[in-house]
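Topology and contacts: notes
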Amino acid sequence: MFRKLILPAFLLISALPVLAQNSPLTLSQSQLDAVSGEYTQTVEPDTPFSFYGQDGKLIYESERQIPTPLTALSANEFSMPEAHVTFRFANTGSGASVTVVEGEQKPFDMAKTGPAAHHVFHHYERREEMIPARDGVKLHVVILTPTDVAGPLPILIQRTPYGVDGTSERSFFQQRPELARAGYIYVGADIRGRFKSEGEFVMMRPLADHSNPKAIDETTDAYDTIAWLLKNLSNNNGRVGVIGTSYPGFLTIMAGIDPHPAVKAISPQAPMIDTWMGDDFFHNGAFRQTYGYDYALGLEVSKEMTEVDYGKDSAGKPRDGYDYFLERGSFKEDVKRSGVDKELPTWKAFIDHPAYDSFWRSRGVEHHLTAVTVPTLTVGGYYDQEDMWGPQEEYASLEPHDVSHQNFLVLGPWRHGSWASSSRHLGALQYGESIGKEYRSQIEAKFFAKYLKDEAGFDLEDTASFQTGSNTWKRYVHFPPQASKMTAYTLCPDGSIGAAKECAKGKMTYVSDPANPVPYRHRPIQPTYGEGSKWGTWMVEDQRFATDRKDIAVYKLPVLDHDLTITGEVIADIFASTTGSDGDFVAKLIDQYPDDDTDPTMRGYQLTTNMEIFRGRYRNGFSKPEAVKPGEVTEFKWSLHDIDHVFKKGHMLMVVIQSSWFPLYDRNPQTFVPNIMTAKPSDYKPATVTIVSDSYHPSQLTLPVVK
């Protein structure tokens, strides 16, 4: 759900705390010229820093960093005022370099690559207002108005539960540099009940009955905010765009349901569409234990943010989340031992509403997406660890209603929100270019320019997808493309994968033990947003840490003798029996790199391209859980979501089936109980799981193969 816009640390150094520094020096222009220039980090070539002398000071700027005078500590060492950062220059001329030291983080080096660049930075005047909603509650906003851009100007608004006090000229350029340069009146708004806004906060507040003029929800609050802005900001052109990522992405969608007439474009990015079906808190009925615990604690203890801490182990080191949740058991026990002395509404909702009942359905935005009311640019990541399902579901829900061809989709191999970054990689996954920068400049900026300013240049017909493997942008008139054909790959009992159901009859068996669940990422596991957390990149971690376990089933296709392109939705269809009366099934589609790959980091690497869980009790419907009959072969069918990937010649396609994924998901007791949230220790029992393959039970993955 995205507490803050995720950017690499070296793009946010101006926001770090102050360090006491030595007395500043005064340097000559020749001394400043000696260290001036543009410096670039080898692993991040698209984020250079520039330094130049001006008025007796060394000035630092970048694409995102507004020009900032540095304090000279010596002729080759400078610090940034109001920041815990030091720049140490070495040599001069073409061989010059700078070492950037950021507090306790590992220093990094940048080499001089040319003369200093000077970027365009507008000056924004900042003001705060309390805007009355229709029920009298006042909503806090920060308004940034450019003073050096001729108007009238459109308004761009982001509504958020994460606080807008830090919204400033500096933060706007740091977070959205292309839009900051384009010249908009930018508004950051605290939603109802958060930070400085009045009223009661309700997690993912359901849509109200808009025929009732007194009803309030996020749609009406957005409407009232926009109406006030149009009336009270004299330099606006009467057009409004709405943008946001994750929870703000959900708020962006809500602004497009029964929208104010002035709303002309919205861009929901990684929107949380339905937190039970596939975003954030549950996936197909399986509860996301760490995220549900951490997120609600962080957001609902107070009007601001609360840090989550798993405590210390016996050696005084931060406690591994795997052990922390394993020793507690059920989620009810998590709440009991949390130390929180108040009832958190969302924790209570998890315990009281484990199935997809009216509580969760009322929060399912997909049920209200019956019209494309305004041009909509939806953005999602194939490796979004929080809201991968949301953008895909939003696009699919709107597409049948897109009579004016204004429903647009962008998908890339991004983690949650990382299209805001200009990096060329995610973990070990290399893109070969800055796909975030290309998306922002060529699609996002031009989308808003077209619909808010009537400017030419936005040429996306329907969908843009960055295809991994080939590492190329693809444009599709619809997603998935017509060329994609659903093709069955049967999971054979000998561990092979048979195309076109070529498989001998048989079975594969493993024992799933709740006392020793399969971890979902390398341990130790830190709090979701805690210091050193690997939460952001766990979906691209090398799976070799898990694929040699005995409590999983592994299937492999022979080494590919040709490129295999799959674009579209992956479906798992598994026939299995269990000695328990309930159980979970996790399916992973993996691209195993060859041992002689040209990139040493990727040799033998097992990269997951698709993955998802299904809770067995919901096989006949998500609203009414049913026990599984022990020993009976049962069909479990679920989506592993969309993909656009080329399995290259020489690679191997793998499929893994397992029955735990901890502590990302709570452990299934494998004994049917009415409510897993309140399961007792005695309910958790090992179970033998059998994956069956025969003509009547063709366990398989269906892949969208592009011929």
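Right, let's walk through the structure included here. For clarity, every value in this text was computed on a predicted model and none was experimentally measured. (Residues numbered from 1 in each chain as written. Predicted model: local features only at pLDDT ≥ 70, side-chain atom pairs only at ≥ 80, totals over all residues. Heavy atoms only, no water.)

Let's talk about the layout of surface pockets
Applied cut-off: Site definitions follow a grid-based scheme: protein atoms alone, a 1 Å grid, a 1.4 Å probe that fits but cannot get out for cavities, and for pockets an open set with protein on both sides within 12 Å along at least five of seven lines, plus lining residues having an atom within 4 Å of a point. Grid points are joined across faces, edges and corners, and a volume is the space filled by probe spheres set on the points. Here a strand is any run of E in DSSP of at least two residues, a helix any run of H or I of at least four, and the numbering for each starts at the N terminus. The classification used treats Ala, Val, Leu, Ile, Met, Phe, Trp, Tyr, Cys and Pro as nonpolar, Asp, Glu, Lys and Arg as charged, and all other residues, Gly among them, as polar.
Approximately 400 Å³ is the volume attributed to the second largest pocket. In terms of lining, the second largest pocket is formed by 22 residues, of which the most central are Gln 392, Glu 393, Glu 569, Ser 639 and Asp 642. Put simply, the parts of the chain that give the lining of the second largest pocket at least two residues each are helix H11 (389–398), strand E23 (484–491) and strand E30 (634–647). Counting residues per element, the lining of the second largest pocket draws most heavily on H11, which supplies 5 residues. Taken together, the residues that form the lining of the second largest pocket break down as 9 nonpolar, 8 polar and 5 charged.

A closer look at the sheet that holds strand E12 (residues 185–190)
Inclusion rule: Being paired, for any two strands, means DSSP has found at least two bridges between them. Axis definition: a line fitted to C-alpha atoms, over the contacting stretch in the case of helices. Angles run 0 to 180 degrees between N-to-C directions.
Pairing is mixed across the open sheet formed by 10 strands, whose spatial order is E9-E10-E12-E11-E13-E14-E17-E18-E21-E22. In the strand order of this sheet, the two ends are held by strand E9 (124–132) and strand E22 (472–476), each with one partner. Each neighbouring strand pair of the sheet contributes to a mean axis angle of 20 degrees, computed without reference to strand direction. Across 9 bridges, E9 lies against strand E10 (residues 138–146) in antiparallel orientation.

Considerations on the state of the cysteines
Here is the rule: Working definition: a disulfide is two cysteine sulfur atoms within 2.5 Å of each other. Exposure classes here rest on a 1.4 Å probe applied to the protein chains alone. A residue is buried below 20% of its type maximum, exposed above 50%, and partly exposed in between.
Taken as a whole and assessed by the stated rule, the structure comprises 1 disulfide. Each sulfur in the disulfide pair Cys 492 and Cys 503 lies 2.1 Å from the other. Taken together, the positions of Cys 492 in the loop between E23 and strand E24 (497–499) and Cys 503 in the loop between E24 and strand E25 (506–512) put the pair 11 residues apart, joining distant regions of the chain. Owing to a relative accessible area of 4%, Cys 492 belongs among the buried residues under this scheme. Judged by relative accessible area, Cys 503 falls into the partly exposed class, the value being 28%.

Topic: the packing of helix H4 (residues 218–232) against helix H5 (residues 247–255)
Selection criterion: For this classification, under 35 degrees means roughly parallel, over 145 means roughly antiparallel, 65 to 115 means roughly perpendicular, and everything else is oblique. Any two residues whose heavy atoms approach within 4.5 Å are treated as being in contact.
It is the contact of H4 with H5, at a shortest axis distance of 8 Å, that shows an interaxial angle of 75 degrees. One finds that H4 runs roughly perpendicular with respect to H5. On H5, the residues that touch Glu 218, Thr 219 and Ala 222 of H4 are Phe 250, Leu 251, Met 254 and Ala 255. Looking at side-chain class alone, the contact of H4 with H5 contains 5 nonpolar, 1 polar and 1 charged residues.

A closer look at helix H12 (residues 435–453)
Just so we agree on the cut-off: Helix span, as expected, comes to 1.5 Å for every residue beyond the first. We define the bend at each residue as the angle formed by axes fitted to the 7 residues ending at it and the 7 residues starting at it.
The end-to-end C-alpha distance of H12, which contains 19 residues, comes to 25 Å, matching closely the 27 Å that a straight helix rising 1.5 Å per residue would cover. Taking the largest bend as the criterion, H12 deviates by roughly 30 degrees, centred on Ser 441. Here H12 has its buried residues at Ile 435, Gly 436, Tyr 439, Arg 440, Ile 443, Glu 444, Ala 445, Phe 447, Phe 448, Ala 449, Tyr 451 and Leu 452. Backbone geometry just after H12 places Asp 454 at a positive phi near 65 degrees.

Re the pattern of salt bridges
Heads up, the rule is: A pair is scored as a salt bridge if a Lys or Arg side-chain nitrogen falls within 4 Å of a carboxyl oxygen belonging to Asp or Glu.
In this structure the tally under the stated criterion is 27 salt bridges. Across the pair Asp 551 and Arg 549 runs a salt bridge whose closest N-O atoms are separated by 2.7 Å. The class for Asp 551 is buried, based on a relative accessible area of 11%. Judged by its relative accessible area of 21%, Arg 549 is partly exposed. In this structure, Arg 615 and Asp 666 form a salt bridge, with 2.9 Å as the shortest nitrogen-oxygen distance. Of the two residues, Arg 615 is situated in strand E29 (residues 606–615) and Asp 666 in the loop between strand E31 (652–658) and strand E32 (687–693); the sequence distance between them amounts to 51 residues. According to the relative accessible area criterion, Asp 666 is buried, its value standing at 8%. Beyond isolated ion pairs, a larger network of salt bridges with shared partners links Arg 126, Glu 128, Asp 165 and Lys 196.

Keep in mind these values describe shape, not function.
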